[in-house]
Structure formats: C-alpha cells, structure tokens
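Structural overview for review
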Amino acid sequence: MTVTARPADVTAAVVDEIGPDAADLTAEGFRAGWRRLVRTPSVNAVMADSLRGETGNGLIENAVSVIEGIGRAGVPAGLTYAVASQIFGIQWPLSTLSKKPLAPYADAILDGSLILCHALTEETGGSDPLSMRTAAIRSDSGEYRLDGRKAYVTAAPEADVILTFARTDEARHPFALSSFLIPSDRAGVERSTPFDKVALTEVPMGAIDFDAVVATDADLVTTEGSGLAFLASTTTWERALLMSYALGGMAATIDRAVTWLRDREQFGRSLGANPLVAARVADLAIIRHRVRTLVYDMARRIDSQTTPMSALSTDAAQVKISCAQDLLQFETSAAPLFGARAVIADSGYAINTTSALAASIYAGTNDLLRVSIARELGLPVGN
Ligand SMILES: Cc1cc2nc3c(=O)[nH]c(=O)nc-3n(C[C@H](O)[C@H](O)[C@H](O)COP(=O)(O)OP(=O)(O)OC[C@H]3O[C@@H](n4cnc5c(N)ncnc54)[C@H](O)[C@@H]3O)c2cc1C
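Residues numbered from 1 in each chain as written. Predicted model: local features only at pLDDT ≥ 70, side-chain atom pairs only at ≥ 80, totals over all residues. Heavy atoms only, no water.

In the annotation of an unreviewed UniProt entry, the entry for the chain reads Putative isovaleryl-CoA dehydrogenase, and the organism field reads Gordonia soli NBRC 108243. Note on the chain: under the UniProt heading Cofactor (unreviewed entry), the record states "FAD". In its Sequence similarities (unreviewed entry) section, the UniProt record describing the chain reads: "Belongs to the acyl-CoA dehydrogenase family." (UniProt positions renumbered as here; feature names shortened; annotations may be inferred.)

Description of the layout of surface pockets
The computed volume of the second largest pocket comes to approximately 890 Å³. Considering the residues around the second largest pocket, the lining is formed by 36 residues, among which V75, P76, A77, R256 and A350 are closest to the centre. If you list the elements that add at least two residues to the lining of the second largest pocket, you get α4 (59-73), α5 (77-95), α8 (247-263), α10 (313-334) and α11 (353-358). Here the lining of the second largest pocket gets five residues from one element, more than from any other, and that element is α8. Residue classes in the lining of the second largest pocket are distributed as 22 nonpolar, ten polar and four charged. (1 Å grid on protein atoms, 1.4 Å probe; cavity = no way out; pocket = protein on both sides within 12 Å on 5 of 7 lines; lining within 4 Å. Points joined across faces, edges and corners; volume = space filled by probe spheres on them. Helix = DSSP H or I, 4+ residues; strand = E, 2+ residues; numbered from the N terminus. Nonpolar A, V, L, I, M, F, W, Y, C, P; charged D, E, K, R; others polar.)

Quick look at the UniProt feature "domain: Acyl-CoA oxidase/dehydrogenase middle" (unreviewed entry) in the chain
Mapped onto this numbering, the UniProt entry gives "domain: Acyl-CoA oxidase/dehydrogenase middle" (unreviewed entry) at residues 117-213. Helix makes up 0% of residues 117-213 and strand makes up 45%, while its end C-alpha atoms are separated by 17 Å.

Overview of the pattern of salt bridges
Close approach of charged atoms lets side chains of opposite charge pair. Within this structure, the stated rule accounts for 19 salt bridges. The residue R52 makes a salt bridge to D49 at a minimum N-O spacing of 2.4 Å. Of the two residues, R52 and D49 are both situated in helix α3 (residues 41-52); the distance of three residues between them amounts to about one turn of the helix. Overall, the relative accessible area of 41% leaves R52 in the partly exposed class. (Salt bridge = Lys/Arg side-chain N within 4 Å of Asp/Glu carboxyl O. Buried < 20%, exposed > 50% of the residue type's maximum accessible area, 1.4 Å probe, protein only.)

Quick word on the side chain of T11
Mapped onto the fold, T11 is located in helix α1 (residues 7-18). On the basis of relative accessibility, which here comes to 8%, the residue T11 falls in the buried class. Discounting residues that sit within four places of it in the chain, T11 has contacts with S65, E68, G69, R72 and Y296. (Contact = heavy atoms within 4.5 Å.)

Things to note about α4
Here α4 spans 21 Å end to end across 15 residues, near enough to the 21 Å set by a 1.5 Å rise per residue. Burial analysis of α4 places 14 of its 15 residues in the buried class, which makes it a mostly covered element. (Expected span 1.5 Å × (residues − 1).)

A closer look at the site of the ligand
Near the ligand lie 18 residues; those nearest to it are H118, T121, S127, T154 and T365. Residue T365 places a side-chain N or O atom 2.6 Å away from an oxygen atom belonging to the ligand. Across the complex, the protein chains shield 64% of the 980 Å² of accessible surface that the ligand would expose by itself. Residue assignment for the shell around the ligand shows that the elements contributing at least two residues are β1 (116-119), β3 (144-154) and α12 (366-376). (Near = heavy atom within 4 Å. Polar contact = N/O pair within 3.5 Å; in protein donor to acceptor, adjacent residues only side chain to side chain. Areas by Shrake-Rupley, 256 points an atom, 1.4 Å probe, with all protein chains shown as cover.)

Topic: the UniProt feature "domain: Acyl-CoA dehydrogenase/oxidase C-terminal" (unreviewed entry) in the chain
Mapped onto the present numbering, the UniProt feature "domain: Acyl-CoA dehydrogenase/oxidase C-terminal" (unreviewed entry) falls on residues 225-377. When the span residues 225-377 is considered, its composition is 66% helix and 3% strand, and the gap between its end C-alpha atoms is 28 Å.

A closer look at the nonpolar core
I70, L241, Y245 and Y362 are the most contacted members of the largest nonpolar core, which totals 98 residues. Those residues in contact with I70 that lie beyond four places of it in its chain are V14, I18, L37, V43, V75, T80 and V83. Core analysis: the next-biggest nonpolar cluster, separate from the first, contains 18 residues, C117, I162, F180 and V213 among them. (Core = buried A, V, L, I, M, F, W, Y, C linked by side-chain atoms within 4.5 Å.)

Let's talk about the pairing of strand β2 (residues 135-138)
As paired strands, β2 and β3 are joined by four bridges and run antiparallel to one another. Looking at the pairing, A136 lines up with L146 of β3. Between β2 and the antiparallel strand that follows it, β3, lie five residues; G142 among them carries a positive phi value of about 95°. (Pairing = 2+ DSSP bridges.)

Points about the pairing of strand β4 (residues 161-167)
Within β4, seven of the seven residues are buried, leaving the element largely enclosed by the surrounding structure. Burial along β4 is two-sided: the residues V161, L163, F165 and R167 and I162, T164 and A166 are all buried. The sheet contact formed by β1 and β4 spans four bridges and is parallel. In the strand pairing of β4, L116 is matched with V161. In the sheet, β4 pairs with strand β5 (residues 177-183) via seven bridges, with the strands oriented antiparallel. In the sheet register, L163 faces β5, and the bridge partner there is L181.

Here it is as structure tokens:
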C-alpha cells in the first residue's frame, strides 16, 4: 500500500473522525477512551499497519500524521501519548520480527480491547537495564520461572499483555537479558493500582509483579540472550517518533493563544498588538515547526528504507532530546501568555509543564542519551 495523502489532510481527517468530544474521551476511564480511539478509522488503519510491521510507501509518515491529528482533535495528552507509545514503541518493533509475536493478539488489539505495555524499569535500575533484578531462570524441564518487579510502567494497571525484559544470565554482559511477551492473566502476574502521578494523567502508570510466573520458549520475543538488542530496537523506534504525540497539542495551544491574545485587552488595546507578546507567539510557532520537522524527518527516513533502524539510534536519541527540550520550552513560554488561567485546571488555558518535563525522563533520560551520543562521537565516556 502507498499512502499519498498530505500530512495536513490526514491530520484534518482524523480531527473530523474523532469529533468535537475529543477532550472528553477519557471521561469514562482510560480503557473506554482507548477503545473509542482505536476504533476511529484512521487510527485503526495505523494500528493494522503497525501490526504488519511494514515500513516504506509513506506508512510511517502517515502514522505520525494520524498521531498529530489525535492531538490536534483535542484528545487528552496522556491518551495520545499512550497510543503513540504502543504503536511506535511496542507494535511496530515487535511486528518487524520474523516471529510475529503479536499475531495471536492482533484481532483484540484492533478492536481496542487489548492494551499492551513495555515493562523495563525497576525501582533499583531505571537507567541501567543490565542491573535489572527481574530474572527468568530455566528449569530442567526447559520452562522459565520469572520473578521480579517492574515499576513506573505506562498503562501497566490496564495492560492485558506485557512486553518485559528479564535476565537469563547472572553475569553483566550484552547477552544477559531476554525479552518476553506475557499475558497479564497468567498465574503469578500482578498489576498494581495506578500510581498517583502528576504528568500525562490520562494514562495510568503502575508496577507489575512477577511471582514464579511460568514462561516457555513460545513467550520469548526473540531468542534467549537477545533482549538488550531488542530493547535497542524498541527504544530507537520510540525516540524517533514518540514526540509526535505533542505536535497536535502544540498547534492547539498556539490557536488558543492567538484567539485569547486578540480578544484580551490590557492598556487599552489587544494584548496581541504588543510586539513583545506577539513575538512570544511566533516563538511558539518556531518551536513547533522544529519539533514537527525533526519527527517527520525521522518518519520519512524510516519510510525511505535506506538506513537500517539500528543505524538510526543516535539520530533518534538526538531527536528525542531535542524535542523534549523544545516541548518544555514551548510549555513554559506559552503559560505566561494566559496569565493566571495557565494554572487553573478548568480555565481552558491550563498548561501542564510537568508532562513536558517527563519527556526528558522516559524513553531514556536525556542525560544518558547525551552520554551515548558523545561515545558515538568517539569520546571515551561510559555511564
Ligand atoms: C511519563 C513516564 C512514562 C514512563 N513509561 C515507562 C514505561 O512504559 N516503561 C518503563 O519501563 N519505564 C517507563 N518510565 C520510566 C523511565 O524509563 C525511567 O524513569 C528512566 O529510565 C529513568 O530511570 P529512573 O527513574 O530509575 O532514574 P535513575 O536511573 O535513578 O536516574 C535518575 C537521574 O540520574 C541520571 N543518571 C543515572 N545514571 C547516570 C550516569 N551514569 N551519568 C549521568 N546521569 C545519570 C539520569 O539521567 C536521571 O536524570 C516512564 C517514566 C515516565 C516519567
């Protein structure tokens, strides 16, 4: 299939499909909002594309446009983030594998009844995956016994199937980890209640306990020992494209700022007639343009199929750091334009800088990604 529609047309179509009640999508809970969103035709088509794992012919660019459209429609940031994270950080990387581990779940994923999560982080080892304690020990019968606890995992309290990582070797080396896909109703799996978080509040975050969970070779995502390599794939996908979640919201904020500053009068004239104020709005547009350009460029490069995903990891890290910094700058620049309303939850002008701040932490913290980039440049630097 070749996707030929222009991103702006795709985005506009998604806004129409989702409709005027986009902002209320999570009013009946995360799962209800998720189901409704996934059943929206454009979103559903992207879910199907991601489950085929194909790239090229504009498929990734189209997916980014659809995510932009979700944000542009006014869907809450947490739900938009969750969908982008599942599509780019879980579904696409899993579906590019020859094993097709998501195939048994495809129908349920497409009807919006099955939610996935990417469970890597632990209380004791967030930035350092090789220090993880969750272990999958193989018994004489060939089965694994999985024990450990993952924490701070997006969508964990609702997840039906868990992509997780465990050590299958005690030593600290690149082949010590393996990745598994585990249904959350399997004996010994327990999902926590949602953490009370202050960023991206419309998607629950939580912990997952594995207590003597039995896993087999069929649950292995790839071969034993290739967990770190697969993690490099999920994180490259995520760093390249996840920030698409913020594009639509940024555009909506700019629209809101223009309307507000035109109508609001201070010192006997429209606030927007003040060059200093107007220039700040221009800065918002410049920041959004930069983020949009970077994310769409990654999408087009993936679609071009000229560079393998593994060779895009440093560029993806740079894009993620840059977009995270820009998003924070955007929110902190936008907030003062709305005066006190920026901190009033139901004012229609509330700005959540904490969600922007979170972007420098998830998908690899910005500082640790900087270290990887510097190492790639040839500096003798380790973590
Ligand atoms: C909104 C959100 C969603 C998330 N979703 C998921 C998810 O779906 N799945 C999942 O597994 N995890 C998820 N996380 C967790 C995230 O991946 C971790 O928080 C992150 O990896 C950092 O781990 P940590 O919190 O343990 O911080 P730590 O590892 O304790 O690090 C704390 C700080 O120290 C810095 N630091 C650590 N070591 C070094 C070093 N050697 N040199 C310089 N600086 C260093 C880090 O950069 C960081 O700034 C999410 C986090 C957020 C905020």
